[in-house]
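# Tertiary structure, described
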Amino acid sequence: MSEPDARPGAPDVPMGPSGPIRRSGRAASMTLRREGERTATTSQLLESANQSLADALRITFRLLQLAMVVLLALFLLSGFGSVKEGERGIRLLFGRVVESDIEPGFRFSAPYPFGELEKVQIGSVSMSLDESFWPFVTPEQRQRGVEGLTSSRSLEPGRDGSLLTADGAIAHTRWSVIYSRSNATAFAENIWPEDEQLMVRAQVERGIVRAVGATTIDELLKSSDRGNSTLALRAQKVAQDGLDRLGSGIRIEQLTLVEKIPPAYLREKFIAVQSAESQASRSVAEARTTRSTRLAAVAGAASDEILAAIDGYEAAIERGDGNAELEEQLAAIDALMEGREGASAASGEVARLLNDAHLYSTAQVEDAQRRLAVFRAKLEQFKANPRVVIETTWADALREFLSRDYVQTMLASSDQEVEIIVNQDPDIVRALDREQKRKEADEAQARTQEERRRQSNRVQTGLNLQSRGN
């Protein structure tokens, strides 16, 4: 049995049960032709498939390259970020800060995980401490304010808040805090955002406890707005020092004492004491105002100097100084009242009295000098002719007496007996009554005008003092 031809390119010979089937020459040639055509078709198909595969691989590779470029661009663009107003940025590279306190704007940093752009809010944050040092109150009591506090004589630790003052008293306060993140880098490095307010609250409470602990209960409750500000500044300094030691990057901008009260069961007594002290202060202020007004009305701007000189004179009397020293003190007082020797001249009532005294003194001297001149003239006439002077003087006195309104003259013969029944003349009585009432009305009007003048002087002096004080 012969082996089939296994040479390359040899045509396949069909095999029968007993070996290769022998065909005729024409049939074999046709078979060989068909086999050749089949082989050529297969080769063409393989070449087309290989070309399609190569094209597909080339396109896929190009798409993969494009996708890689796009992904790289997106990766690089992911490093851009926007820092908004009220924020500060921190640029990180491999976890290390390479730039801090970045101003608002569109900024670039290395993409994650190589780098990152952290943003920190720097705006002000408000926080209230309404319960830390305040008695426990229900929502209904909170709406009623201080009046809603119960007058309990005991405080429950852990529920009721309170403060101890320097003198061992108990007080309750409410505060408000405004703070900001001034150092974004320190804040981001050292502070966990969830614990931020807890840490600020703890430091502020610590500062308040220390500040109030150095203040007595009277100083705390009676202090004015300025005193409250001083207390708040001391507490703020302690709290800020604590935050700085922690490297928090937080700055307390304002700490305000909102409300302060004593223990509820002592509140009425404290109010009574404060009311009494306030009334006493008002009385003292009114007394000082009245004193200043009256002194200004009496002596004007020179009142203080005159009072000091009078006090010196009284002290000299108590020491038993001699007449020379007392006269010197009186001379100094006179100089102050009259404005001599460079002193401020007294005004007001003192000036009026001095002026009236000077006018009265001048009038008295002039009247005495006039009467002295008349007496000397009459004396000369009397020495020359005494009878004439006596008769003339008597006639003048009688004429003056008879010229009075209430004197009536009746003529009677000397050789007749006349009976005179003396009684008041109604016309004269009415006239005298009218004259008396007129004098009283004039005196009352003069007193009214004088009082008005004094009041006007007091008001004007008070306004002058107030303008100088301002």
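Whatever comes next refers back to the structure up there.
Notes on the structure follow. (Residues numbered from 1 in each chain as written. Predicted model: local features only at pLDDT ≥ 70, side-chain atom pairs only at ≥ 80, totals over all residues. Heavy atoms only, no water.)

### Remarks on the overall build of the protein chain
- On a plain count of helices and strands, the protein chain comes out with 12 helices and 11 strands.
- Burial statistics for the protein chain: of 470 residues in total, 22% are counted as buried.
- Within the protein chain, contacts between residues at least 6 apart in sequence are counted, and of these 66% link residues at least 24 apart.
- Summed over all atoms, the accessible surface of the protein chain reaches about 33600 Å², with 55% contributed by carbon and sulfur. (Helix = DSSP H or I, 4+ residues; strand = E, 2+ residues; numbered from the N terminus. Buried < 20%, exposed > 50% of the residue type's maximum accessible area, 1.4 Å probe, protein only. Contact = heavy atoms within 4.5 Å. Areas by Shrake-Rupley, 256 points an atom, 1.4 Å probe, with all protein chains shown as cover.)

### Digging into the packing of aromatic side chains
- According to the stated counting rule, one finds 0 aromatic pairs in the structure shown.
- Over the ring of Trp134 we find Arg174; its NZ or CZ atom is 5.5 Å from the centre of that ring. (Phe/Tyr/Trp six-rings, centres within 6.5 Å; stacked < 30°, edge-to-face > 60°. Lys NZ or Arg CZ within 6 Å of the ring centre and 35° of its normal.)

### Things to note about a nonpolar patch on the surface
- On the surface, Ile59, Leu63, Leu66, Val70, Leu71 and Leu74 cluster together into a nonpolar patch covering about 600 Å² of accessible area.
- When you line up the elements, Ile59 lands in helix H1 (residues 25-77).
- Here Ile59 falls in the exposed class, since its relative accessible area comes to 53%. (Patch = residues over 30% accessible without salt bridge, like charges linked within 9 Å, V, L, I, M, F, W, Y side chains within 5 Å. Salt bridge = Lys/Arg side-chain N within 4 Å of Asp/Glu carboxyl O.)

### Some details on the nonpolar core
- In terms of nonpolar packing, the biggest core is built from 33 residues, with Leu129, Trp175, Val177, Val204 and Ile208 touching the most fellow members.
- For this core, the secondary-structure elements that each account for two or more residues are strand S4 (87-93), strand S8 (125-129), strand S10 (170-181), helix H3 (184-190), helix H4 (196-213), helix H5 (217-222), helix H6 (225-245) and strand S11 (250-261).
- Excluding residues within four positions of it along the chain, Trp175 makes contact with Ser128, Leu129, Asp130, Phe133, Ile208, Val212, Leu231, Ala232, Leu255, Thr256, Leu257 and Val258.
- Counting 10 residues, the second-largest nonpolar core is a separate cluster that includes Ala299, Ala309, Ile333 and Leu336. (Core = buried A, V, L, I, M, F, W, Y, C linked by side-chain atoms within 4.5 Å.)

### A word on the pattern of salt bridges
- A full pass over the atoms with the stated rule returns 13 salt bridges.
- Notably, a salt bridge pairs Arg371 with Asp367, separated by 2.8 Å at the nearest N-O pair. Here the residue Arg371 and the residue Asp367 both occupy positions in helix H10 (residues 349-384), the gap between them amounting to 4 residues, near one helical turn.
- Residue Arg371 is classed as partly exposed on the basis of its relative accessible area of 47%.
- Of the residues examined, Asp367 reaches a relative accessible area of 26% and is grouped as partly exposed.
- Here Glu435 and Arg438 are joined by a salt bridge, their closest N and O atoms 2.2 Å apart. Of this pair, Glu435 and Arg438 both sit in helix H12 (residues 426-469), 3 residues apart, which is roughly one turn of the helix.
- In this structure Arg438 comes out as partly exposed when scored by relative accessible area, which is 42%.
- Through salt bridges that share partners, Asp130, Arg174 and Glu259 make up one connected network.

### Quick notes on the environment of Ala166
- Mapped onto the secondary structure, Ala166 falls in the loop between strand S9 (163-164) and S10.
- Residue Ala166 is classed as partly exposed on the basis of its relative accessible area of 47%.
- Along the chain, Ala166 and Glu219 lie 53 residues apart, while their C-alpha atoms are 9.9 Å from each other.
- Excluding residues that lie within four positions of it along the chain, Ala166 makes contacts with Val212, Gly213, Ala214, Thr215 and Thr216.

### A few points about the side chain of Glu196
- Locating Glu196 in the fold gives a position in helix H4.
- The class of Glu196 is buried, set by a relative accessible area of 5%.
- Each residue touching Glu196, except ones within four places of it in the same chain, is listed here: Tyr179, Arg181, Phe187, Ile191 and Ile250.

### What to know about H6
- If you check H6, its first and last C-alpha atoms are 30 Å apart, about what 21 residues at 1.5 Å a residue would give, namely 30 Å.
- Inspection of H6 places Asn228, Leu231, Ala232, Ala235, Gln236, Val238, Ala239, Gln240, Gly242 and Leu243 among the buried residues, and these make up the whole buried set.
- With its phi angle positive at about 65°, Gly247 sits one or two positions after the end of H6. (Expected span 1.5 Å × (residues − 1).)

### Let's talk about the pairing of S10
- Pairing of S8 with S10 involves 5 bridges; the strand directions are antiparallel. Residue pairing for S10: Ser126 is matched across the bridge by Ile178.
- In this sheet, S10 lies alongside S9 in antiparallel orientation, the contact comprising 2 bridges. Note on S10: the bridge partner recorded for Leu163 is Ala171.
- Counting the residues in the hairpin turn of S9 and S10 gives 5 residues, including Gly168, whose phi is positive at 80°.
- As defined by bridge partners, S10 adjoins S11 across 10 bridges and the pair is classed as antiparallel. Note on S11: the bridge partner recorded for Ile178 is Gln254. (Pairing = 2+ DSSP bridges.)

### Structural notes on the packing of helix H7 (residues 267-299) against H10
- Their axes nearest at 3 Å, the elements H7 and H10 cross at an angle of 25°. Here H7 is positioned roughly parallel relative to H10, judged by the angle of their axes. Taken together, the residues of H10 that come into contact with H7 (itself represented by Ala297, Val298 and Ala299) are Glu349, Val350 and Ala351.
- Per-class residue counts for the contact of H7 with H10 are 5 nonpolar, no polar and 1 charged. (Axes fitted to C-alpha atoms, helices over the stretch in contact; angles between N-to-C directions. Parallel < 35°, antiparallel > 145°, perpendicular 65-115°, else oblique. Nonpolar A, V, L, I, M, F, W, Y, C, P; charged D, E, K, R; others polar.)

### Concerning the side chain of Ser180
- Summarising the element assignment, Ser180 is placed in strand S10.
- There is a polar contact of 2.9 Å between the side chain of Ser180 and the side chain of Glu253.
- Those residues within four positions of Ser180 in sequence are excluded, and the remaining contacts are Ile122, Gly123, Ser124, Gly249, Ile250, Arg251 and Glu253. (Polar contact = N/O pair within 3.5 Å; in protein donor to acceptor, adjacent residues only side chain to side chain.)

### Here we look at the packing of helix H8 (residues 303-319) against helix H9 (residues 323-338)
- In the contact formed by H8 and H9, the axes pass within 9 Å of each other and the chain directions differ by 170°. The angle between H8 and H9 falls in the class roughly antiparallel. In this structure, H8 uses Glu305, Ile306, Ala309, Ile310, Gly312, Tyr313, Ala316 and Ile317 to contact H9, whose residues at the interface are Leu326, Gln329, Leu330, Ile333, Leu336 and Met337.
- Considering only residue class, the contact of H8 with H9 consists of 11 nonpolar, 2 polar and 1 charged.

### Description of the environment of Ala316
- Here Ala316 is to be found in helix H8.
- When the C-alpha atoms of Ala316 and Gln329 are compared, they prove to be 8.3 Å apart, with 13 residues separating the residues in sequence.
- Apart from residues no more than four positions distant in its own chain, Ala316 is found in contact with Asp321, Leu326 and Gln329.

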